[in-house]
Amino acid sequence: MATLFEIPHYNSLRLADSRGKTEMELFDHMAAYRGLGNIFRVNFRGEDWVCVAGLKANEWSWGHPDRWNYEFSQRGFRDVMGPTHVTQMDGPPHRAKRKALKPGFAMSLIARQIPAIDQAVQKFFSDRVGDTWSMMNLFMESLTEANSKTVLVTELSPEARRKFIRFEEDFLPGISKSDEDRAAYYARPEFLELREFVFSYLKELVESRLAGQREEDNFQTMIDQAGDRSRIPDINEWIPEAYLLLMAGTGNTARTLNCGLRFLQDEPEWYEQLRIELTGYTEDSFLSGMNGYPKLKATLMEMERIFPAAPVMPKQAAVDLEFEGYEIPTGTNVLHLQCLTHFLDDIYEEPTRFKPWRWIEKDYPKKAHGTFGGSTHICLGVNLARIHMPIVLANLIRNFSLELEALPEIFVNLNYGVPQTSELEGKLMPQVEDQPA
Ligand code: HEM
């Protein structure tokens, strides 16, 4: 077997206009994969990392639960959310935590909230008809509002909602920084102030709930079932759990919708077909799943494929591993490019084109779809995101017409395999009903 140092190295391009860009932004994963195959080394943050990519890499990486050490690679979550935060846990404690969080995130428990989520989104949109919004902000605010009316019930003022959003959006970019840069990033006074606000808000909320105030939400189910855990959580453990319900992942969901909506603008015929499919849509429509909405389902799959919001996962080998004939010793830093498959033309024909109908015509390998990651750490919020996205889109298409200021160009960024679009800005207007002929 070949050693780690024999893995071919991709020398990052250092372009003349690289000022302000990170090494990863300059780095072309697709070129590296095409030239070097499923495994290659790169220099990232001044350190040596092994990249694994392609269908084989997804199967291999997600194949064995205890292969990876997340405590090391997701330390930013620990820094900000504390040592009991799920993302940076490993092995049996991580599995126990996932089990404990299940009452908050299981499909059966989220699905019962579908009508209430729909009402909250619809009201949020209706109240803002005629106002100019960045679509990203509109989606993120409406989803946070919907969470505060469903999975974690709380009277969230618009100011508090915006502070939560600013915190989430400021928090996540710090995760991928080096130890030194991350420490400086999270020590910024504006970040500390936002964190203090979010944690104090949730502390008060959790304390009142533990003191007996009941709500019909997913958090209540988690509290009611806490006796099944090996130990009852203390307040410092409940706070990040409440955060998961109210806020986590809304940025990723909103970004996916924002980008997807931009792509949809280039497909007016498909948009019209979606509008027709959604004619009879009501708040209860998705209670029995999405089988009655094949075009909407296909559109969302294509949005997930073409804009995977978290396409690269840093991991660390927890045990000695082997991949493609190379040794990967314990402690090796590995970048899993789990969404590179989305842009391989031997899997998806014309991969950089937004073609929702491809999902109706054909099935694709499950392990080629890396949007939510895989194995034991697969996105905890996947069920919530996959309820939020159709509800937002169905509401938008069924009940409103969209007046966009401009259509920004779509750039396909193959560094991460992620197309990026500038933000969409526009207005929601009431839908003009079809006139009888
Ligand atoms: C379109 C929206 C979203 C995308 C693309 C996304 C993507 C991801 C990805 C790629 C991972 C890493 C999985 C792995 O390690 O293999 C992840 C983990 C996670 N996501 Fe999401 N996510 C989204 C929405 C959400 C939402 C709404 C929540 C709400 C709670 C959420 C909470 C989490 C958590 C807590 C983890 C860590 C799970 C663990 O380590 O056990 N995500 N997500």
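To be clear, the structure that these remarks concern was listed above.
Thresholds, definitions, all that
Residues numbered from 1 in each chain as written. Predicted model: local features only at pLDDT ≥ 70, side-chain atom pairs only at ≥ 80, totals over all residues. Heavy atoms only, no water. Donors = N, O, S within 2.8 Å, 3.2 Å for Na, K, Ca; no water. Helix = DSSP H or I, 4+ residues; strand = E, 2+ residues; numbered from the N terminus. Phe/Tyr/Trp six-rings, centres within 6.5 Å; stacked < 30°, edge-to-face > 60°. Buried < 20%, exposed > 50% of the residue type's maximum accessible area, 1.4 Å probe, protein only. Contact = heavy atoms within 4.5 Å. Near = heavy atom within 4 Å. Polar contact = N/O pair within 3.5 Å; in protein donor to acceptor, adjacent residues only side chain to side chain. Nonpolar A, V, L, I, M, F, W, Y, C, P; charged D, E, K, R; others polar.

Caption draft 1: Structural context of the coordination of the iron atom of the ligand. Just one protein ligand coordinates the iron atom of the ligand, and it is Cys379 (SG) at 2.3 Å. Inspection of the secondary structure assignment puts Cys379 in the loop between α18 (358-361) and α19 (382-399).

Caption draft 2: Looking closely at the packing of aromatic side chains. Across all of its chains, the model carries 25 aromatic pairs by this definition. Here Trp60 and Trp68 contribute two aromatic rings whose centre-to-centre distance is 5.6 Å and whose plane-to-plane angle is 85°, an arrangement assigned as edge-to-face. For the pair shown, Trp60 and Trp68 are each scored as buried. Between Tyr348 and Tyr364, the aromatic rings sit 4.6 Å apart at their centres with planes inclined by 40°, giving tilted as the arrangement.

Caption draft 3: Layout of the side chain of Arg209. Residue placement: Arg209 occurs in helix α12 (residues 189-210). Among all residues touching Arg209, those that are not within four sequence positions of it are Val153, Glu215, Asp217, Phe219, Gln220 and Ile223.

Caption draft 4: Region of interest: the site of the ligand. Of all residues adjacent to the ligand, which total 25 residues, the nearest are Tyr70, His94, Arg98, His377 and Cys379. In the environment of the ligand, an oxygen atom lies 3.1 Å from a nitrogen or oxygen atom belonging to the backbone of Gly374. Within the contact set of the ligand, an oxygen atom lies 2.5 Å away from a side-chain nitrogen or oxygen of His377. Contributing elements (two or more residues each) for the shell around the ligand: α6 (91-105) and α15 (250-265). Residues belonging to the shell around the ligand are distributed by class as follows: 12 nonpolar, 12 polar and one charged.

Caption draft 5: Structural detail: the environment of Gly91. Tracing the chain through its elements places Gly91 in helix α6. Taking the relative accessible area as the measure of exposure, Gly91 reaches 18% and is therefore buried. For the pair Gly91 and Pro65, spaced 26 residues apart in sequence, the C-alpha to C-alpha distance is 7.9 Å.

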